[in-house]
Amino acid sequence: MSERKFAVIGHPIGHTMSPFIHRRLFDLAHTQGVYDIIDVAPEEFAVKIKALNELAGYNVTIPNKQVIIPFLDHLDPKAELYGSVNTVRNGEIREGFTTDPDGFLKALKANNIPFEGDVVIIGCGGVARTFVYEAALAGCKITIAVRPDDVQIRDALSKDVETKLKKADINTCLISDLTDLALCPDLLVNATPVGMYPKTDAMPVPVKVVDRCRCVFDAVYNPLETKLIQAAKANGAAAAGGMTMLVWQAVVSHEIWDSSVYNNDDINQLIEDAAKEQTKLF
């Protein structure tokens, strides 16, 4: 039997937890697969797509989640809706999927965080796009908050979601406005890299904003607990970081590739072990 090869592709992609997580998932499911890292810049796809097509499957990270789409034969409905792909399954056809929303929803559920009511999403990049769409699909009242430099991107995202999902309830503001607005969010979601290693002392919003939140989710997974998460927990709010989402979206990739089945105890242990491994790498 020929060796099945998988990889994560991105640029730059020097430090990533994907090999550790996916190799463990192959072991847990008793399936065979070699998982590597491949650096692919957006302008290199036309040259490297032949080699990528020889893989059994691969994951796609920034900045290639939109760039990959023209090189695929078919998109899963949610990947088509989002205009974003993070998982590819190669076979008779090349299929693109997005497991980011599944990872996000499973992370909320695993941490007993309700996804309802008033949701404030900080940021307007690729991961924010996932959160805004899922919040709209869940019927939440959404506020997208960004820096002044990102207003045009924010407004384009808001318009896109409202066009595709007619019942979407979206408001927009600047992050600085959150301090004065009379918002008491049921859920605050950080979709920016603020607070990520090595700038771990930073927070995307002031503590006074966090203190008004019922729940907090931070997409940052390094460190395991950002200052935002620490502030939320100190105020008694339910809070979760991005490592849970990172592992669960990887789980869904294996469900797509191999129909693999996992139990929650094994995945919870993997989340804990990935966090420990992260401290060694960064």
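As shown above, the structure is provided for reference.
Just so it is clear, the structure is predicted and the values come from calculations on it, not from any experiment.

What counts, and where the lines are drawn
Residues numbered from 1 in each chain as written. Predicted model: local features only at pLDDT ≥ 70, side-chain atom pairs only at ≥ 80, totals over all residues. Heavy atoms only, no water. Helix = DSSP H or I, 4+ residues; strand = E, 2+ residues; numbered from the N terminus. Rg over C-alpha atoms; globule rule 2.2 N^0.38 Å. Buried < 20%, exposed > 50% of the residue type's maximum accessible area, 1.4 Å probe, protein only. Lys, Arg positive; Asp, Glu negative; His and termini not counted. Charge placed at Lys NZ, Arg CZ, Asp CG, Glu CD. Core = buried A, V, L, I, M, F, W, Y, C linked by side-chain atoms within 4.5 Å. Contact = heavy atoms within 4.5 Å. Salt bridge = Lys/Arg side-chain N within 4 Å of Asp/Glu carboxyl O. Pairing = 2+ DSSP bridges. Axes fitted to C-alpha atoms, helices over the stretch in contact; angles between N-to-C directions. Parallel < 35°, antiparallel > 145°, perpendicular 65-115°, else oblique. Left-handed = near helix turned anticlockwise from the far one by under 90°. Nonpolar A, V, L, I, M, F, W, Y, C, P; charged D, E, K, R; others polar.

**Digging into the overall build of the protein chain**
A tally of regular secondary structure across the protein chain gives 10 helices and 12 strands. In summary, the protein chain has a C-alpha radius of gyration of 19 Å against a globular reference of 19 Å for 282 residues, a match within 12%. Expressed as lengths along the three principal axes of its C-alpha atoms, the size of the protein chain is roughly 60 × 40 × 30 Å. Looking at the protein chain as a whole, 49% of its 282 residues are labelled buried. Taken as two groups, the 28 positive and 37 negative side-chain charges of the protein chain have centres that lie 2 Å from each other.

**Considering the nonpolar core**
Counting 32 residues, the largest nonpolar core has Ile 121, Phe 131, Val 161, Leu 187 and Phe 217 as its most contacted members. Broken down by secondary-structure element, the contributors of at least two residues to this core are helix H4 (100–110), strand E7 (118–122), helix H5 (126–137), strand E8 (141–146), helix H6 (151–164), strand E10 (187–190) and strand E11 (215–218). Per-element tally for this core: the top contributor is H5, with 6 residues. Contacts of Val 161, omitting those with residues within four sequence positions, involve Val 132, Tyr 133, Ala 136, Ala 168 and Ile 170.

**A look at the environment of Met 203**
Along the chain, Met 203 falls in the loop between E10 and helix H7 (207–210). A residue is classified by how much of its surface remains accessible, and Met 203, at 22% relative accessible area, is partly exposed. Spatially, the C-alpha atom of Met 203 lies 9.6 Å from that of Pro 193, the residues being 10 residues apart in sequence. Beyond its immediate sequence surroundings of up to four residues, Met 203 is in contact with Val 194, Val 210, Lys 227, Leu 228 and Ala 231.

**Comments concerning the pattern of salt bridges**
Evaluated as defined, the whole model comprises 17 salt bridges. In this structure, the salt-bridge partner of Lys 164 is Asp 160, at a minimum N-O distance of 3.8 Å. Of this pair, Lys 164 and Asp 160 are both found in helix H6, 4 residues apart, which corresponds to roughly one turn of the helix. Accessibility expressed as a relative area gives 37% for Lys 164, which makes it partly exposed. Residues Lys 276 and Glu 272 are paired through a salt bridge, measuring 3.4 Å at the closest nitrogen-oxygen approach. Taken together, the residues span about one helical turn, with Lys 276 and Glu 272 both in helix H10 (residues 264–281) at a distance of 4 residues. Glu 272 sits in the partly exposed class, given a relative accessible area of 40%.

**Some remarks on the sheet that holds strand E4 (residues 74–75)**
As a general point, the strands of a sheet are linked pairwise by backbone hydrogen bonds and lie either parallel or antiparallel. Strands sit in the order E2-E1-E3-E5-E6-E4 across an open sheet of 6 strands; the sheet is mixed. Among the strands making up the open sheet, the edge pair consists of strand E2 (34–39) and E4. Pairing geometry for strand E1 (residues 5–10) and strand E3 (residues 57–60), over 4 bridges, is parallel. When the sheet's bridge partners are listed, Phe 6 is paired in E3 with Gly 57. Taken strand by strand, helix H1 (residues 18–29) contacts E1, E2 and E3, and its axis lies near 160 degrees from that of E2.

**Things to note about the packing of helix H9 (residues 242–258) against H10**
Direction vectors running N to C along H9 and H10 enclose 125 degrees, while the axes themselves pass 10 Å from each other. When the interaxial angle is binned, H9 and H10 end up oblique. In this structure, the crossing between H9 and H10 has a hand that is right-handed. Here Met 243, Thr 244, Val 247, Trp 248 and Val 251 of H9 lie close against H10, whose contacting residues are Asn 264, Ile 267, Leu 270, Ile 271, Ala 274, Ala 275 and Gln 278. For the contact of H9 with H10, the per-class residue count stands at 9 nonpolar, 3 polar and no charged.

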